[in-house]
Amino acid sequence: MKAVVFHAIGDIRLEGVPEPKLQKPTDAIVRLTASAICGTDLHMIRGTLPGMRAGTILGHEGVGIVEETGADVRNVHRGDRVVIPSTIACGSCFYCEHGEYSQCDTANPNGAMAGTAFFGGPASSGPFQGLQAEFARVPLAGAGLVKLPDEVNDDQAILLSDIFPTAYFGIDLASVQPGDSVAVFGCGPVGQFAIASAKLKGAGTIIAIDCLPDRLETAEGQGAEIVNFNKENPVDAIRRLTSGKGARVAIDAVGVDATQAKEGWLASWIPTAEKSRHAKELREVAPHTNPQGKNWRPGDAPSQAIEWAVEGLAKCGTLSVIGVYPDSARFFPIGMAMNKNLKVVMGNCPHRKYIPTLVGLVQNGTIDPTQVLKEEVEPLVSALEAYKAFDLRKPGWIKVKLEPALV
Ligand SMILES: NC(=O)c1ccc[n+]([C@@H]2O[C@H](COP(=O)([O-])OP(=O)(O)OC[C@H]3O[C@@H](n4cnc5c(N)ncnc54)[C@H](O)[C@@H]3O)[C@@H](O)[C@H]2O)c1
Ligand SMILES: [Zn+2]
Ligand SMILES: [Zn+2]
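Residues numbered from 1 in each chain as written. Chains lettered and ligands numbered in written order. Predicted model: local features only at pLDDT ≥ 70, side-chain atom pairs only at ≥ 80, totals over all residues.

**Student:** What is the right way to read the environment of Gly-188 from this model?
**Tutor:** Within the secondary structure, Gly-188 is located in the loop between strand 9 (182-185) and helix 6 (189-200). Once residues within four sequence positions are removed from consideration, Gly-188 is found in contact with Gly-39, Arg-215, Ala-253 and Ile-398. (Helix = DSSP H or I, 4+ residues; strand = E, 2+ residues; numbered from the N terminus. Contact = placed C-beta atoms within 7 Å.)

Here is the structure:
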């Protein structure tokens, strides 16, 4: 079968690999009808989320049809249409029983303290073969797979595998209440669904911060007040838009590949000391990089989004970090956060906790995720070109869906 395979930082390939087989009674084999490229995949190829093993199939977002199930998968059967949660969990350990699926004690073969188990990730996450392929082995399938009703199509369902639940988790963690002001850093797919989720919770002012005009336009289309950090200081703008107080909630939907201002007067005012501090952070989180032309270049300021978020928050506000940072990231403006009495919440999304609820919201028409953002649809065989274009931020490409069936 065809799959997108990680070989080294800056080196991914589309190649023929053996089809997966059932290995345990709790496994299922799913024939993928849709997968997608995520900002998390970019971190791995740029080298800012290290530890990938050569030969790992990439991808952790998937929708498909169950082909085969092990003897201990009792709730899904051959022919069922399912969404695959990005994170893998057993459903019955202490953490899973408390809804903390991404901290499952048993799913990760490296042990209970090894971290979140997910598809297509670094060695420390399993590693498990990913979902940018024609078929996938889904471990602990009974606890993970969520059946899809006919009313939810693949274009909608692929957004329920990772992106929408992650954003909804970030808003839920921050306990967003009706009327709250929410600043969303990053207007990629996760940021766009953070805006949509904040709206579902009745948020008041929603401020969206990015530097990409097409993504800001999509955020504005959702009703957010937009701030282009290449044109104005985002912290000053947030304060102006919140009567001087700052936002009650800030969402980091950027993560480790954050960039600083690149154009305009703000860029020319970045002190040399700040630039060299960011460069040092980058060396710490990404000791190995392998840019190919303009592709696979890490962001130049890993702590930038976090710093602006902490600065832009109101006193006693809540910072919710859903952007991904590797274990090696040691930066955080602790003094400013402490002295403002901030609450800080964060983590990897426990997808299985939210997916059934979100499938229900799509089924009953409360929200249509395909109206939140436009998906670019590409055949799996064009995945490498799609990856490169997505990495270069091709205008209009906010989310790329890959379809094995298209040629
Ligand atoms: N916690 C989880 O479980 C989970 C799940 C999925 C994705 N993620 C993470 O969420 C983050 C966003 O994912 P995505 O797919 O939307 O990624 P993306 O790369 O498509 O989007 C990130 C956006 O942030 C913008 N940005 C860069 N620097 C910025 C700054 N200083 N301030 C504001 N915006 C800035 C970029 O221009 C880009 O539009 C990534 O870190 C991804 O790894 C986390
Ligand atoms: Zn993802
Ligand atoms: Zn568990």
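More follows now that the structure is in view.
**Student:** Honestly, helix 15 (residues 383-391) in this entry has me stumped. Any pointers?
**Tutor:** Since one α-helical turn is 3.6 residues long, residues separated by three or four positions face the same way. Taken residue by residue, helix 15 has Ala-383, Ala-386, Tyr-387 and Phe-390 as its buried positions. For helix 15, the angular spread of the buried residues around the axis is 100°, confining them to a single face. Opposite its buried face, helix 15 presents the exposed residues Leu-384 and Glu-385, each directed more than 90 degrees away. (Buried ≥ 20, exposed ≤ 12 C-beta atoms within 10 Å, placed from the backbone. Arc of directions from axis to C-beta.)

**Student:** Can you walk me through the sheet that holds strand 2 (residues 11-16) in this structure?
**Tutor:** Read from one edge to the other, the open sheet built from 3 strands follows the order 2-1-4, with strand pairing classed as antiparallel. Two strands bound the open sheet, and with one partner strand each, they are strand 2 and strand 4 (56-57). Both strand 1 (residues 2-8) and strand 2 contribute to a ladder of 6 bridges, which runs antiparallel. What sits directly across from Ala-8, in strand 2, is Asp-11. (Pairing = 2+ DSSP bridges.)

**Student:** Help me understand the site of ligand 1, please; the structure alone is not making it clear to me.
**Tutor:** Surveying the vicinity of ligand 1 reveals 33 residues, the closest of which are Gly-39, Gly-186, Gly-188, Gly-255 and Val-324. When residues of the shell around ligand 1 are traced back to their parent elements, those giving at least two are helix 1 (39-46), helix 6, strand 10 (206-210) and helix 11 (304-312). Ranked by residues supplied to the shell around ligand 1, first place goes to helix 1 with 4 residues. Grouping the constituent residues of the shell around ligand 1 by class yields 17 nonpolar, 13 polar and 3 charged. Here the shell around ligand 1 gathers at least three residues from each of two domains, domain 1 (2-162 + 349-403) and domain 2 (164-346). (Near = placed C-beta within 6 Å. Nonpolar A, V, L, I, M, F, W, Y, C, P; charged D, E, K, R; others polar. Domains from an automatic or database assignment.)

**Student:** Sorry if this is basic, but what is going on with helix 11 here?
**Tutor:** Among the 9 residues that make up helix 11, 8 are buried, leaving the element largely enclosed by the rest of the structure. Listing the buried residues of helix 11 in full gives Gln-304, Ala-305, Ile-306, Glu-307, Trp-308, Ala-309, Val-310 and Gly-312. In the core, the buried residues of helix 11 are packed alongside strand 9, helix 8 (234-241), strand 12 (247-252), helix 10 (272-285), strand 13 (313-321) and helix 12 (334-339).

**Student:** Looking at this structure, I do not really get the nonpolar core. What am I missing?
**Tutor:** Generally speaking, nonpolar side chains in soluble globular proteins are found buried as a group. Of all hydrophobic cores here, the largest spans 131 residues; its most connected members are Val-184, Phe-185 and Ala-208. Shared between two domains, this core takes at least three residues from each, and those domains are domain 1 (2-162 + 349-403) and domain 2 (164-346). In contact with Val-184, not counting residues within four places along its chain, are Gly-191, Ala-194, Ile-195, Ile-206, Ile-207, Ala-208, Ile-209, Ile-251 and Ala-253. (Core = buried A, V, L, I, M, F, W, Y, C linked by C-beta atoms within 7 Å.)

**Student:** Can you help me understand the domain arrangement of the chain in this one?
**Tutor:** Frequently, the measure chosen for interface size is the accessible area that the parts lose on association. Domain parsing of the chain yields domain 1 (2-162 + 349-403) and domain 2 (164-346). Centre-to-centre separation of domain 1 and domain 2, based on C-alpha positions: 25 Å. When residues of the side of domain 1 that touches domain 2 are traced back to their parent elements, those giving at least two are helix 1, helix 13 (351-363), helix 14 (369-372) and helix 15. For the side of domain 1 that touches domain 2, the element with the most residues is helix 1, which contributes 6 residues. Among the residues forming the side of domain 1 that touches domain 2, the class breakdown is 20 nonpolar, 8 polar and 7 charged.

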